[in-house]
Structures are given as C-alpha cells and as structure tokens.
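Below are the chains, spelled out letter by letter.
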Amino acid sequence: QVQLVETGGGSVQAGGSLRLSCAVSGRTFSELDLGWFRQAPGKGRESVATILSIDGSTYYPNSVKGRFTISRDNEKNTVYLQMSNLKPDDTAVYFCVARAVGQTKFGIWGRGTQVTVSS
C-alpha cells in the first residue's frame, strides 16, 4: 500500500519561499506519477503541480506557473514542491498525491501540510 508523508509546511511572509517534501513508500517509485494539490479554507481542492514518471514532464496551472516547481528524486523516493514568491492566496493545506502510471485520477493522498502566507 502506497504511503505519502508530507513535510515542510509552515508560515511565511508574502514574497517568501518554502519547499515541501513528500516521502513515498509502499510501491516502486518509478511506477508512480506524482503531484501536489491544495485546498484553501472554504474552497475545493486544486491541482498545483504534476510530474510524470515516464519522462519527467511537469504541469502547472496558471495560478502558480513560474513560481512553483515540482521535482522528484528517484533515489530518495521523494517528490518536492519548491514554492517561491508566495502570495496570501497560496495559503492552503497542501497534499501530496500519487497514481499508478497509466491512470488518470490521483487516488492516493497524503494527510497534508499547512502553508500560511501572511501579507
């Protein structure tokens, strides 16, 4: 069973940076596409980054493009989300997600880590 454990959340002022990490266990890392979602208070869950296993392609919504970078370390079985130029609107709980290669929906979720950006 795949387990995802996020670390690295916290509080930061607008314009600052944070890096989230997600340790992945329970399945061969290379068999998983990985991503990050977030959920702000009173809002639905939003995908903020995806990285594919097959070729390392990455995808971002316009709201974070140019500010967030997803990466994966296949030796450490870890996926990262580097967040820069953070804005108060980035305040949310951030979830690490995974899916088996070939699937379309991210069905495996971590417990989440809180990111708070103050103005």
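Residues numbered from 1 in each chain as written. Predicted model: local features only at pLDDT ≥ 70, side-chain atom pairs only at ≥ 80, totals over all residues. Heavy atoms only, no water.

Caption draft 1: Representation of the packing of aromatic side chains within the structure. This model, assessed by the stated rule, comprises 3 aromatic pairs. Aromatic side chains phenylalanine 37 and tryptophan 109 sit 4.9 Å apart centroid to centroid with 55° between the ring planes, which places their arrangement in the tilted category. Note that phenylalanine 37 is positioned in strand E4 (residues 32-39) and tryptophan 109 in strand E10 (residues 108-109), a separation of 72 residues in sequence. By relative accessible area, which is 15% here, phenylalanine 37 ends up buried. Chaining the aromatic ring pairs together yields one cluster made of Phe37, Phe95, Phe106 and Trp109. (Phe/Tyr/Trp six-rings, centres within 6.5 Å; stacked < 30°, edge-to-face > 60°. Helix = DSSP H or I, 4+ residues; strand = E, 2+ residues; numbered from the N terminus. Buried < 20%, exposed > 50% of the residue type's maximum accessible area, 1.4 Å probe, protein only.)

Caption draft 2: The arrangement of the state of the cysteines in detail. Scanning the entire structure with this criterion turns up 1 disulfide. Across the disulfide from cysteine 22 sits cysteine 96; the S-S distance is 2.1 Å. Disulfide cysteine 22 to cysteine 96: torsion about the S-S bond roughly -85°, handedness left-handed. Here cysteine 22, found in strand E3 (residues 18-25), pairs with cysteine 96, found in strand E9 (residues 92-100); they are 74 residues apart in sequence, far enough to count as distant. In terms of burial, cysteine 22 and cysteine 96 fall into one category: buried. (Disulfide = S-S within 2.5 Å.)

By themselves, these observations are geometric and do not establish any function.
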